[in-house]
Amino acid sequence: MAAWLILLAPLVSAVLIWLLLKSSRALSSYVSVAAVGLSFVCSCVVFAGGDFTVSFNWIDFGPRLTVPIGLTIDALSKTMLLVVTGVGLLVHVYSLGYMHEDRSSSRYFAGLSLFMFSMLGIVLANNFVMMFIFWELVGVSSYLLIGHWYEKASAADASKKAFLVNRIGDFGFMIGILMIWALLGTVTFSDLEPAVAKLVKDPVGNAAILSFLTVAVLFVFMGPVGKSAQMPLHVWLPDAMEGPTPVSALIHAATMVAAGVYLLVRVNFLLVAAPMAQNVIAWVGMITSLMAALMATQQNDIKRILAYSTLSQLGYMIGAVGFGAAQAAMFHLFTHAFFKASLFLGAGSVIHGMHHEQDIWRMGGLKNKMVPTFITFGIASLALMGLPYVTSGFYSKDAILLAAANKSWIFLGLGLATALLTAFYMTRLFVVTFLNKPMSDAAKHAHESPLVMTAPLMILSVPAVIFGFGGVAKWFNLDVPHGPDPLHVPMLAAAVFVWGTVMGWFVYRNRQSDPIRIGLFARKFYFDELYDVLVKLTQETLARLSAFVDKYLIDGLLVKGATTLAFSAGFVLRFFQSGNVQAYAIFFGLGVILLMLLAFR
Amino acid sequence: MSLNDYLLVSGLLFAIGFTGVLVRRNLIVIYMCLELMLNAANLALVSFSRFRVAPDGMPDYHGQILVFFIITVAAAEVAVGLAIIVALYRARQTTQVTEINRMQY
Amino acid sequence: MGSLLFNVFALFTLIAAVGVVVNKNAVNAAMFLLLSLVGMAGLFVLLDAPLLAFVLLLVYAGAVVALFLFIIMLLDLKAENRRVVAPTALAGGVLVIFGFSGSLFKILQGFAPGKSLFPPLPTTVEDVKRVGMLLFQEYNLPLQIMATLLLVATVGVIVLSKRELR
């Protein structure tokens, strides 16, 4: 019962707001917050209880295809529920302050509630089809929220881009689901697991079936590639920062983008059966994390830096899944959700205080003006950079690096490089924004945000620190098994943290502008430009082709051909319309003669 | 006499009437020629009626009934047609078909 | 005897019909129509249909031709000064006539049963009785419809010939 309540409360709220409360901004925001609060409380209740599954058959085509609507409550989903509803609740509360002056905040809160509903649906889904449905719903709500300020062309474009890019991934995801169903005859996770185990053991026709499974898993992986913004479909996430900052915090940092990781962890048994696919996943994840970190070093928009940082951390998680360390991925997802949400909310607070200024080179000196934001942002940054032994981020990153080390030294190298860059760009961001001298009037007159916005920041700082400690993590079902560690990975991680931080400090201390300019990173490896050209090429070819068909085949041959035929036939025939009755009679007589000859041949 | 003789007379009469319809320009004369054509049909019908003898040895009178009706319809037709000609003459002051050619493109 | 009479009446009818077509004066044309109808009535008699011959004379000669003459007088039509026929119309007409007559000959040539003589009839031909019986029994409904048609025609003619239509 509580489980259903978790799922349905936000839906009820979304429907209520959309249908009834659109005109009342205050009421709709309270309804939304109350709904997510209820979800959170129910999640806590469920978390305290045992594992169970409730489900009913939704589509029943006999033994070949049965699709249930069901809720899975197990260790994995319980943890995820807490993350989603917990961060969600704080973001909702924060939104009360952030969206206070927005005239269409009803729509915003309705979208937020819809998002909570669909995200919780993904977390609770017990089969692929249900997950896919909520997967799409999440895409829709993300689209709605990115485009919340649709009057702004860039926001409208960004929402469109996010939606379309996600479509590509979702299409592959759907094909993957169909392939898995074709192979195993079921879409329910709990039935899939023994089926896969049987398949792997079965010696007959093993190679072909396993390669089919590998392809299917790779198609399924396309879903996370889109939703979790992995290379090469990562381009939508930085643009998605056009949405309101709380949305960026909730959807594009803490929860939705982690849905891909969650999905992979959920179907980890499939991945284990397809080692090839696992390798691909690992490579995609690690390359994404390194490239995103490189891009982050050269961005100037505070939210974009965080967005690339998110990309990078998601790459870690995906990579961890690829190493076969699903627990480590979940652990990092968990800690990352809190400190990244805190970072984004802090950035939102900064933006709010700076009157919607997002360029870090126009900030500076905010440490005195916005003390709570400064402190919480610092804590969350340290967590992201991985301050050794104190912050949660260190522990979870350490778990992933350890898994990478056990897989291959290349992955460890990539991971350490990313960690180094992370420390570097976060130092850059922090130093330039808070510690340097003010670089604009707005920065000189910045003000602290109201308590309703800073309180979530403070609350989020707590898990950013403590959730990494072994006991706490275990309590949240995040028991990460430690493998052998001949290289002393924690030491290496600590070393690169120090290295990156010190480097950042000395490069950016008291700078008025960026001393490093690397166009390749600033222009995001020219991905957007490349896609522009590609899209333009295919689109133009198709357009030309259809223009040709339209112009010459449809217009020319069919439309104009028909009119010309009718016109010319009429033009010829009208000479018979002489108006002379006797001429008609002659034709008539000739016709009679013809008939006579035909009839009496 | 044989049926073919009568049918030949009927056909020639029809042809003469049709020629009149085709070549004459006076509407009233065209009308008379139409009457000739109708009577050609009548002649053919009567000769078929005579040709097809019923079991009791009498001619087939069904054909004659049809002739009867044709004569009636022709009378009605002439009355209406001539009325139309009169109305037309009032409107256009002519009975020449070549001058009544408004219905053209 | 029958053959001679047939030839006479047939020639009479056809020549009178040609007279209708070629006559410039409409009144004369109407008179030739009358003659042609008389010949036709003769043919009807030869075909053992005296009743129809009578009806033809009564209705056509008595009513229709009189009506034609009446209208000609009413409209005060002069004999046509110009040529009666246009050359193009003549060409078309001749084409149609020859085509028609040609195909007629061809068809009649191939129609073998028509070449035999008419079968003989009983001496008394009671066609008034037979036609009357058929007309008022089997063809009663068509007869009523015909009566209605005549009524409609009468009303129509009155409406058409009224000067002020509205």
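What you see is a predicted model; the values in this text were computed from it and never measured.

1. Describing the overall build of chain B
So, point 1. If you tally the helices and strands in chain B, you get three helices and zero strands.
So, point 2. In sequence order, chain B lays out its α and β elements as α-α-α.
So, point 3. Among the 105 residues that make up chain B, the fraction classed as buried is 63%.
So, point 4. Relative to all contacts within chain B whose residues are 6 or more apart in sequence, the contacts with residues 24 or more apart total 59%.
So, point 5. Accessible surface, chain B as shown: approximately 3600 Å² in total, 66% of it carbon and sulfur.

2. Here we look at the overall build of chain C
So, point 1. The helix and strand inventory of chain C stands at six helices and zero strands.
So, point 2. Tracing chain C from N to C terminus, the helices and strands come up as α-α-α-α-α-α.
So, point 3. Relative to its full complement of 166 residues, chain C shows a buried share of 37%.
So, point 4. Element-wise, carbon and sulfur atoms account for 73% of the exposed surface of chain C, whose accessible area totals about 9600 Å².

3. A look at the pattern of salt bridges
So, point 1. Per the stated rule, a full pass over the model turns up 12 salt bridges over all chains.
So, point 2. The shortest N-O distance in the salt bridge between Arg266(A) and Asp74(A) comes to 2.9 Å. A residue pair is termed long-range when its members are at least 10 positions apart, and Arg266(A) in helix α11 (residues 256-266) and Asp74(A) in the loop between β2 (66-73) and α3 (75-98) qualify at 192 residues.
So, point 3. Glu126(C) serves as the salt-bridge partner of Arg130(C), at 4.0 Å between the closest nitrogen and oxygen.
So, point 4. Taken together, the shared-partner salt bridges in this structure form one network comprising Glu136(A), Arg167(A) and Asp170(A).

4. Things to note about the interface of chain A and chain C
So, point 1. Across the boundary between the two partners, chain A contributes eight residues, which contact 11 residues of chain C.
So, point 2. Interface area lost by chain A to chain C is led by Ile586(A), Ile593(A) and Met596(A), which between them contribute 56%.
So, point 3. In this assembly, chain A and chain C are joined by zero salt bridges.
So, point 4. Taken together, chain A and chain C are joined by zero residue pairs in polar contact (both at pLDDT 80 or more).

5. A word on helix α4 (residues 105-124) of chain A
So, point 1. Helix length check: α4(A), at 20 residues, gives a terminal C-alpha distance of 28 Å against a target of 28 Å (1.5 Å per residue), a fit within 8%.
So, point 2. For α4(A), the tally of buried residues reaches 19 of 20 residues, placing the bulk of the element in the interior.

6. Observations regarding the pairing of strand β1 (residues 52-60) of chain A
Residue and element names in this part refer to chain A.
So, point 1. Bridge count for β1 against β2 is eight bridges, and the pairing is antiparallel. Residue aspartate 60 lies in a different strand from β2, and its bridge partner there is threonine 66.
So, point 2. Linkage of β1 to β2, two consecutive antiparallel strands, is achieved through a turn of five residues, within which glycine 62 is found at a positive phi near 80°.

7. Some remarks on the side chain of Asp127(C)
So, point 1. Checked against the element boundaries, Asp127(C) lands in helix α5 (residues 127-136).
So, point 2. No salt bridge is formed by the buried Asp127(C). Its closest oppositely charged neighbour is Arg130(C), at 9.4 Å.
So, point 3. Once residues within four sequence positions are removed from consideration, Asp127(C) is found in contact with Tyr61(B), Gln64(B), Asp48(C), Ala49(C), Pro50(C), Leu51(C) and Gly132(C).

8. Overview of the packing of α3(A) against helix α10 (residues 245-254) of chain A
Packed helices, taken two at a time, are described by their axes: the angle between them and the distance between them.
Residues and elements named next belong to chain A.
So, point 1. Across the interface, α3 lies against α10 with an axial gap of 8 Å and an inter-helix angle of 160°. On the basis of the axis angle, α3 is roughly antiparallel to α10. For the element pair α3 and α10, the recorded crossing hand is left-handed. For the pair α3 and α10, the contacting residues are Val87, Gly88, Val91, Tyr94, Ser95 and Tyr98 in the first and Thr245, Pro246, Ala249, Leu250 and Ala254 in the second.
So, point 2. Tallied by class, residues from the contact of α3 with α10 come to eight nonpolar, three polar and no charged.

9. Overview of the state of the cysteines
So, point 1. A complete count under the given rule lists zero disulfides over all chains for this structure.
So, point 2. This cysteine, Cys44(A), is not joined by any disulfide, and Cys42(A) carries the nearest cysteine sulfur, 9.1 Å off.

10. Quick look at the environment of Gly319(A)
Residues and elements named next belong to chain A.
So, point 1. Residue placement: glycine 319 occurs in helix α14 (residues 302-322).
So, point 2. Along the chain, glycine 319 and alanine 282 lie 37 residues apart, while their C-alpha atoms are 4.1 Å from each other.
So, point 3. Beyond its immediate stretch of four places on either side in the chain, glycine 319 contacts Ile281, Ala282, Gly285 and Met286.

11. As for a nonpolar patch on the surface
All names here are of chain A.
So, point 1. Nonpolar side chains collect at one region of the surface, where Leu8, Val12, Val15, Leu16, Trp18, Leu19, Leu20, Val140, Tyr143 and Leu144 lie side by side and expose about 840 Å² of accessible area between them.
So, point 2. Sorting the residues of the nonpolar patch by element identifies α1 (2-19) and α5 (128-146) as the ones contributing at least two each.
So, point 3. Of all the elements, α1 adds the most residues to the nonpolar patch, at six residues.
So, point 4. Within the element layout of this structure, valine 12 appears in helix α1.
So, point 5. Valine 12 gets classed as partly exposed once you look at its relative accessible area, which sits at 47%.

12. Structural notes on unusual backbone geometry
So, point 1. A cis amide bond links Met231(A) to the next residue, Pro232(A), at an omega of 0°.
So, point 2. Structurally, Pro232(A) is set in the loop between α8 (206-227) and α9 (236-239).
So, point 3. Unlike most non-glycine residues, Ala229(A) shows phi in positive territory, near 55°.
So, point 4. Of note, Ala229(A) is situated in the loop between α8 and α9.
So, point 5. Unusually for a residue other than glycine, Gln93(B) sits at a positive phi of about 55°.

13. Details of the confidence of the model for chain B
When pLDDT is low, close inspection of the predicted coordinates is not appropriate.
So, point 1. Per-residue confidence for chain B gives a mean pLDDT of 87; residues scoring 70 or more make up 98%.
So, point 2. Considering each helix and strand of chain B separately, the mean pLDDT is smallest for helix α1 (residues 3-23) of chain B, with a value of 89, and largest for helix α2 (residues 27-51) of chain B, with 91.

14. Considerations on the interface of chain C and chain B
So, point 1. In this complex, chain C contributes 88 residues to the contact, which on the side of chain B involves 71 residues.
So, point 2. One salt bridge in this structure joins Arg50(B) and Asp48(C), with 2.7 Å as the shortest N-O distance.
So, point 3. Counting only elements with at least two residues in the side of chain C that touches chain B, the list comes to α1 (2-22), α2 (26-46), α3 (50-75), α4 (87-110), α5 and α6 (140-161) of chain C.
So, point 4. Of all the elements, α3(C) adds the most residues to the side of chain C that touches chain B, at 12 residues.
So, point 5. Partitioned by chemical class, the residues of the side of chain C that touches chain B number 64 nonpolar, 12 polar and 12 charged.

15. A look at α14(A)
Residue and element names in this part refer to chain A.
So, point 1. Spanning 21 residues, α14 covers 30 Å between terminal C-alpha atoms, matching the ideal 30 Å at 1.5 Å per step.
So, point 2. N-capping of α14 is provided by aspartate 301, with a side-chain oxygen placed 2.8 Å from the backbone N of lysine 303.
So, point 3. The positive-phi residue at the C-terminal boundary of α14 is glycine 324, with phi of around 85°.

16. Some words on the confidence of the model for chain C
So, point 1. Across chain C, the average pLDDT comes to 85, with 91% of residues at or above 70.
So, point 2. Across chain C, element-level confidence peaks in α2(C) with a mean pLDDT of 92 and bottoms out in α4(C) with 83.

17. Here's the deal with the side chain of Glu136(A)
Residue and element names in this part refer to chain A.
So, point 1. Following the sequence through the fold, glutamate 136 ends up in helix α5.
So, point 2. Taking relative accessible area as the criterion, glutamate 136 reaches 18% and is therefore assigned buried.
So, point 3. In this view, glutamate 136 contacts Arg167 and Asp170; residues no more than four positions away in its chain are not counted.

18. Observations regarding the nonpolar core
So, point 1. One finds Met80(A), Phe115(A), Phe128(A), Trp236(A), Val261(A) and Leu270(A) to be the most contacted residues of the largest nonpolar core, which totals 193 residues.
So, point 2. Apart from the residues within four sequence positions on either side, Trp236(A) is in contact with Lys161(A), Ala162(A), Val165(A), Asn166(A), Gly226(A), Lys227(A), Ala229(A), His252(A), Met256(A) and Val257(A).

19. A word on the packing of aromatic side chains
All names here are of chain A.
So, point 1. Tallied over the entire structure, the rule returns 28 aromatic pairs over all chains.
So, point 2. With a centroid separation of 5.6 Å and 75° between ring planes, the pair formed by phenylalanine 394 and tyrosine 395 is classed as edge-to-face.
So, point 3. A relative accessible area of 3% means that phenylalanine 394 is categorised as buried.
So, point 4. Members of the aromatic cluster, connected to one another through ring pairs, are Phe128, Phe132, Trp135, Phe173 and Phe189.
So, point 5. Taking the ring centre of phenylalanine 163 as reference, the NZ or CZ of arginine 167 above it sits at 5.3 Å.

Thresholds, definitions, all that
Residues numbered from 1 in each chain as written. Chains lettered and ligands numbered in written order. Predicted model: local features only at pLDDT ≥ 70, side-chain atom pairs only at ≥ 80, totals over all residues. Heavy atoms only, no water. Helix = DSSP H or I, 4+ residues; strand = E, 2+ residues; numbered from the N terminus. Buried < 20%, exposed > 50% of the residue type's maximum accessible area, 1.4 Å probe, protein only. Contact = heavy atoms within 4.5 Å. Areas by Shrake-Rupley, 256 points an atom, 1.4 Å probe, with all protein chains shown as cover. Salt bridge = Lys/Arg side-chain N within 4 Å of Asp/Glu carboxyl O. Buried area = accessible area lost by both parts, 1.4 Å probe. Polar contact = N/O pair within 3.5 Å; in protein donor to acceptor, adjacent residues only side chain to side chain. Expected span 1.5 Å × (residues − 1). Pairing = 2+ DSSP bridges. Lys, Arg positive; Asp, Glu negative; His and termini not counted. Axes fitted to C-alpha atoms, helices over the stretch in contact; angles between N-to-C directions. Parallel < 35°, antiparallel > 145°, perpendicular 65-115°, else oblique. Left-handed = near helix turned anticlockwise from the far one by under 90°. Nonpolar A, V, L, I, M, F, W, Y, C, P; charged D, E, K, R; others polar. Disulfide = S-S within 2.5 Å. Patch = residues over 30% accessible without salt bridge, like charges linked within 9 Å, V, L, I, M, F, W, Y side chains within 5 Å. pLDDT = per-residue confidence, 0-100. Core = buried A, V, L, I, M, F, W, Y, C linked by side-chain atoms within 4.5 Å. Phe/Tyr/Trp six-rings, centres within 6.5 Å; stacked < 30°, edge-to-face > 60°. Lys NZ or Arg CZ within 6 Å of the ring centre and 35° of its normal.

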